[in-house]
Amino acid sequence: MGNYYSWPALVSLSLVAGLLSWTVYDLDSSKGELRRVRGELMSTADQLLRKSEAYEALSRQHAGLAEALKVEREKNKSFEGQIGEIASTVGALEKLRKTDPQLLQKYSK
């Protein structure tokens, strides 16, 4: 009868040893997967940081360009006014040039 009880104990011990071995293997595999995922996370974080820095640089550049555009538009408005005045003066001079010299002399006195 002593052998009868030792056989189930051996089977149970073998099952426990097998389960323990499988658990250790699975844990080791999980550690490898965790290392891989951590590496991907770090890589993604680095990419995010670089893209964030690039975005900030582009935002500053955009603000500078927007300001420069505003200044140039103001200059253009000023030039438009000056060109309008010059065109008006040229128009008046053109009329005078086409006016009969005798008529001009008569009304200039």
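Residues numbered from 1 in each chain as written. Predicted model: local features only at pLDDT ≥ 70, side-chain atom pairs only at ≥ 80, totals over all residues. Heavy atoms only, no water.

With that settled, consider the overall build of the protein chain. If you tally the helices and strands in the protein chain, you get 2 helices and 0 strands. Against the compact-globule benchmark of 13 Å for 109 residues, the protein chain has a radius of gyration of 46 Å, which places it well outside the compact range. By principal-axis analysis of the C-alpha atoms, the protein chain measures approximately 150 × 15 × 10 Å. Per-residue burial for the protein chain yields a buried fraction of 0% across its 109 residues. Accessible area for the protein chain stands at about 10300 Å²; split by element, carbon and sulfur atoms hold 63% of it. Side-chain charges of the protein chain comprise 16 positive and 14 negative groups, with the mean position of each set lying 9 Å from the other. (Helix = DSSP H or I, 4+ residues; strand = E, 2+ residues; numbered from the N terminus. Rg over C-alpha atoms; globule rule 2.2 N^0.38 Å. Buried < 20%, exposed > 50% of the residue type's maximum accessible area, 1.4 Å probe, protein only. Areas by Shrake-Rupley, 256 points an atom, 1.4 Å probe, with all protein chains shown as cover. Lys, Arg positive; Asp, Glu negative; His and termini not counted. Charge placed at Lys NZ, Arg CZ, Asp CG, Glu CD.)

The next point concerns the pattern of salt bridges. A pair can form between side chains of opposite charge whenever their charged atoms are brought close. Overall, the coordinates contain 4 salt bridges when judged by the stated rule. With a shortest N-O distance of 2.2 Å, arginine 36 and glutamate 40 are connected by a salt bridge. One end of the pair, arginine 36, and the other, glutamate 40, are both in helix 1 (residues 2-98), 4 residues apart, so they sit about a helical turn from each other. Classification of arginine 36 by relative accessible area gives partly exposed; the value is 41%. Among the salt bridges present, the one from glutamate 94 reaches arginine 97, with a minimum N-O distance of 2.4 Å. Separated by 3 residues within a single helix, glutamate 94 and arginine 97 lie in helix 1, roughly one turn from each other. With a relative accessible area of 31%, glutamate 94 lands in the partly exposed category. One salt-bridge network, held together by shared partners, links Glu33, Arg36 and Glu40. (Salt bridge = Lys/Arg side-chain N within 4 Å of Asp/Glu carboxyl O.)

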